[in-house]
Amino acid sequence: MKDRNQELTPMLAQYHYFKNEYSDCLLFFRLGDFYELFYEDAVVGSKELNLVLTSRPAGKGRERIPMCGVPYHSADNYIKRLVQRGFKIAICEQVEDASQAKSIVKREVVRVITPGTYFEKDTAGFACIYRKGKFYYLAYLNLSIGDFVGARVKTEELLDFLSKFNIKELLIKEGEEPPSAVIKTLSVFITKLDDEFFEEGVELLRKAFDIHSARALGFDEEEFLIPLGAAYRYAKLTQKGFTPFIKKPKPFQDEGFVRIDLKVRRGLELLESIEGRKDHSLFGVLDMTLTGMGRRRLKFHILNPFRNVDRISKVQEAVEELVQNREKRCRLREILSGMADLERLVSRISANMATPRDILHLKNTLYKVEDLREEIGSLGSGLFKDMVVNLESLKSIADEIDRVLVDEPPIHVKEGGLIKAGVDGFLDELRFVRDNTRKLLKEYEKKLRKETGISSLKVGYNKVMGYYIEVTKPNLKYVPEHFRRRQTLTNAERFITEELSRLEEKILSAQSRINDIEYELFVQLREKINGELEKVGRNAQIVGEIDYIQALAEVADKKGWVKPEVNDEFCIEIEEGKHPVIEAFTRSYVPNDTFINEESFIHLITGPNMAGKSSYIRQVALIVLLAHMGSFVPAKRAKIGSVDAIYTRIGSGDILALGVSTFMNEMLDVASMLLNATDRSLIILDEIGRGTSTYDGIAITKALTEFISRRIGARTLLATHFLELTELEGKVRGVKNYHMAVSEEGSGVVFLYTLLPGKAEGSFGIEVARMAGLPEELINRAKEILLSFEDKSLPLLEETFKRSEKSITEAELDAIIEDVLSIDVANTTPLQALLKLAELKEKIIRVREGR
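- As recorded in an unreviewed UniProt entry, the protein chain goes by the name DNA mismatch repair protein MutS, listed as coming from Hydrogenivirga caldilitoris.
- Check the Function (unreviewed entry) section of the UniProt entry for the protein chain; it says "This protein is involved in the repair of mismatches in DNA. It is possible that it carries out the mismatch recognition step. This protein has a weak ATPase activity."
- Check the Sequence similarities (unreviewed entry) section of the UniProt entry for the protein chain; it says "Belongs to the DNA mismatch repair MutS family."

Put into structure tokens, the structure is as follows:
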């Protein structure tokens with residue numbers, strides 16, 4: 001049977017070969033000045049990019065096939081749009097000059113762009129996970145800045161860990177599925193790889209970094225190499241010759257930071273608000289950074305505050321020095337404001353993707369690093385002194401760039417106009433020829449007239465013959481022997497000489513040869529820079545740290561924040577504290593105090609909706625977090641005992657896409673919190689139990705408060721509508737009542753937003769409804785219904801508390817808790833979980849009834 005590809009045009013036969021190799025990608029097939037898409041790819045491209053869908057003949061006797069295309073010089077924007085929507089792109093380039101091709105132009109796929117590897121347009125990265133038992137071993141690789149880290153987490157910790165990074169793609173073994181919460185919450189693109197890919201990745205990683213075991217990289221188990229190797233191989237396989245500089249993989253040092261999980265990130269609106277606005281987040285308030293390195297450092301430490309008190313003190317000392325020295329801070333900001341993103345430049349240069357202007361930005365930034373080094377050299381804090389020692393001088397590279405590259409280079413490397421005069425003698429000669437063609441020809445003509453004595457001799461040019469020497473017939477007897485006849489005219493003869501041929505070659509090929517030489521010199525310069533990129537990367541990290549510190553100082557000075565005392569005590573003392581985000585957008589913000597110690601570490605905060613309970617408890621958490629970042633805080637005075645983690649249960653953080661009810665979400669969060677919190681943690685609870693019946697909610701919250709007091713001992717702020725819980729003060733260790741004050745004026749209430757000791761007098765829910773504009777008839781009826789409920793509910797609530805207080809002994813409760821803690825959550829099916837829940841419920845009923 002005749003091969004069907006033989007019926008195709010040679011170009012389409014070539015296309016089919018590459019499309020079969022990269023069937024999961026949209027193939028960008030280079031044809032001259034365009035990347036073309038064919039067949040189904042063209043239909044997708046037309047729809048996603050709003051391109052005109054055309055067609056072309058596929059070959060003899062074949063139907064026309066769909067096609068569309070984009071100009072190669074503007075393809076990046078089209079590729080970015082496709083990648084953001086989850087498509088993979090295979091770039092198939094022409095790798096030989098079409099004018100020199102003997103048949104079909106040779107092409108190769110030079111790069112595969114995926115959502116996690118499009119480093120030049122995004123700072124996102126990708127992760128690779130490998131499951132073994134109860135643990136996930138994982139690798140995170142960000143090609144835009146070269147970060148490469150590995151970690152091991154429990155199954156239930158995977159989502160929180162991955163959420164720390166900007167992940168767009170997840171690599172996983174064929175036949176396995178990541179937890180559904182990861183897919184639905186992070187919206188990552190999943191790529192599945194076979195076992196062989198993982199095995200070969202380990203060997204590739206060993207060779208690349210010259211290691212024999214995981215311990216050489218700081219890991220304590222060989223299993224870490226499996227996801228690290230797969231991630232490294234994926235980068236090399238997709239990026240091919242465009243693979244940027246990748247740092248040596250290292251363990252993620254989670255133990256050095258306060259634990260901040262996804263619920264805290266969302267509930268406290270750390271990086272963006274519930275509405276998705278960055279300016280209404282903690283990051284938006286703190287972002288006084290001036291470089292990409294500093295901005296990433298700020299985001300990192302918002303999600304990973306320092307745990308070590310000595311480290312916090314060093315950062316505070318540096319921040320304080322810049323707060324007090326405004327002139328020095330302004331000078332640092334002036335230097336930083338003109339800096340390029342060194343980390344991203346390292347990736348572009350090492351991937352051979354840097355433009356001449358990228359190299360120019362590198363030069364200017366390296367000179368600014370010298371200025372930065374000089375400025376911080378006069379500062380006294382220990383952190384700045386360390387930076388001066390560790391900042392390496394790269395002035396020699398900057399000087400080399402300055403010597404070679406023109407001050408205003410073009411965008412593209414093959415346009416010419418890159419290299420300064422005096423760098424290369426032959427290049428200068430070619431430029432002289434190009435720029436002085438007329439003058440050179442006149443001088444040659446003058447020379448020939450003198451040598452031959454023919455005063456009418458002319459040097460001319462036409463498109464057919466090129467350059468020639470023209471002599472009239474009466475003077476032919478004076479023509480030298482080395483003149484070669486080219487053409488005979490009626491009144492004259494035209495000649496050529498070896499010297500004129502050489503001159504002609506120089507003139508006609510000057511520009512293309514200039515471009516070639518300039519490109520070679522540019523590549524040589526880039527290779528010299530490549531040799532110093534590790535140093536550039538290390539400097540970039542220090543520049544980011546300087547930017548981070550000056551940003552904290554700028555915020556502190558502009559907002560009048562104070563330096564908190566951070567120590568290892570148990571206390572949290574805040575005088576006139578404010579919510580850092582609300583304060584930024586509210587002219588008159590009412591400050592509040594917080595005093596937590598070993599006698600009073602669980603604060604029950606009551607009060608009506610809109611009175612400020614939720615804002616207050618978030619405010620305390622944010623002030624504690626800021627203090628652990630080394631930042632100043634919005635308060636008159638603050639003394640913060642260090643924490644190992646911040647836990648929150650705030651309804652706005654629910655992951656509704658998981659198909660789990662709000663109450664179940666709440667209970668899952670609380671369960672995770674109780675398993676992991678310690679007496680060094682800070683717990684923030686907002687309206688626990690509101691997703692179920694009132695009695696259940698009260699019972700659960702009461703039991704939870706008792707458990708935190710007796711079992712954990714963590715500093716806790718609990719905002720609640722359940723006024724019945726205020727009876728716990730004096731009965732449960734550490735519990736103290738507070739309320740948000742209101743003032744009753746006439747038939748309404750005024751919120752004072754002030755925290756006072758004691759319990760609230762009521763929830764004032766109906767008054768809040770009145771303020772919202774509900775009809776008066778509805779308000780009056782609600783009051784009647786409320787009175788009838790209050791008469792009936794009080795005896796029931798009292799009975800509930802009495803039963804719960806006398807029915808379960810501490811030993812019986814301990815046995816039930818141990819039973820719960822013994823459950824292997826990671827390996828329990830939904831059916832097993834329901835059966836276990838029924839068993840526990842029956843056990844509790846028997847204990848209460850004394851059976």
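**Description of the UniProt feature "coiled-coil region" (unreviewed entry) in the protein chain**
Then step 1. Taken from the UniProt record, the annotation "coiled-coil region" (unreviewed entry) applies to residues 486–520.
Then step 2. Helix makes up 66% of residues 486–520 and strand 23%, with an end-to-end C-alpha separation of 37 Å.

**Observations concerning helix α11 (residues 309–324)**
Then step 1. In this model α11 runs 22 Å from its N-terminal to its C-terminal C-alpha over 16 residues, within 8% of the 22 Å that 1.5 Å per residue would give.
Then step 2. Elements in contact with the buried residues of α11: α12 (326–336), α15 (382–390), α20 (533–559), β18 (565–567) and α22 (613–628).
Then step 3. Its side-chain oxygen placed 2.9 Å from the backbone nitrogen of aspartate 310, asparagine 308 serves as the N-cap of α11.

**What about the confidence of the model for the protein chain?**
Then step 1. Put simply, the protein chain has an average pLDDT of 87, and 86% of its residues get 70 or more.
Then step 2. Ranking the elements of the protein chain by mean pLDDT puts helix α26 (residues 776–807) last, at 55, and strand β22 (residues 637–641) first, at 98.
Then step 3. Contacts from residues 653–659, a stretch scored under 50 in pLDDT, to residues over four places away or in other chains number 14 contacts.
Then step 4. A low-confidence stretch, residues 792–797 (pLDDT under 50), is modelled with 5 contacts involving residues beyond four sequence positions or located in other chains.

**Side note on the pattern of salt bridges**
Then step 1. Taken as a whole and assessed by the stated rule, the structure comprises 57 salt bridges.
Then step 2. Across the pair arginine 206 and glutamate 203 runs a salt bridge, and its minimum N-O distance is 3.7 Å. With arginine 206 and glutamate 203 both in helix α6 (residues 195–209), this residue pair falls 3 residues apart, about one helical turn.
Then step 3. In this structure, glutamate 687 engages lysine 613 in a salt bridge whose closest nitrogen and oxygen atoms are separated by 3.7 Å. Residue glutamate 687 is found in the loop between β24 (682–686) and α24 (694–712), and its partner lysine 613 is found in helix α22; the two are separated by 74 residues along the sequence.
Then step 4. Bridged by salt links that share partners, the residues Arg326, Arg329, Arg333, Glu554, Asp557 and Lys558 form one connected network.

**Re the packing of helix α13 (residues 342–350) against helix α14 (residues 356–376)**
Then step 1. Running from amino to carboxyl end, α13 crosses α14 at an angle of 140°, the nearest separation of the two axes being 11 Å. By the angle between their directions, the pair α13 and α14 is classed as oblique. Note on packing geometry: the crossing formed by α13 with α14 is left-handed. Residue-level inspection shows Leu342, Leu345, Arg348 and Ile349 of α13 in contact with α14, the latter providing Asp358, Ile359, His361, Leu362, Thr365 and Val369.
Then step 2. Among the residues making up the contact of α13 with α14, the classes are represented as 6 nonpolar, 2 polar and 2 charged.

Rules of the game
Residues numbered from 1 in each chain as written. Predicted model: local features only at pLDDT ≥ 70, side-chain atom pairs only at ≥ 80, totals over all residues. Heavy atoms only, no water. UniProt positions renumbered as here; feature names shortened; annotations may be inferred. Helix = DSSP H or I, 4+ residues; strand = E, 2+ residues; numbered from the N terminus. Expected span 1.5 Å × (residues − 1). Contact = heavy atoms within 4.5 Å. Polar contact = N/O pair within 3.5 Å; in protein donor to acceptor, adjacent residues only side chain to side chain. pLDDT = per-residue confidence, 0-100. Salt bridge = Lys/Arg side-chain N within 4 Å of Asp/Glu carboxyl O. Axes fitted to C-alpha atoms, helices over the stretch in contact; angles between N-to-C directions. Parallel < 35°, antiparallel > 145°, perpendicular 65-115°, else oblique. Left-handed = near helix turned anticlockwise from the far one by under 90°. Nonpolar A, V, L, I, M, F, W, Y, C, P; charged D, E, K, R; others polar.

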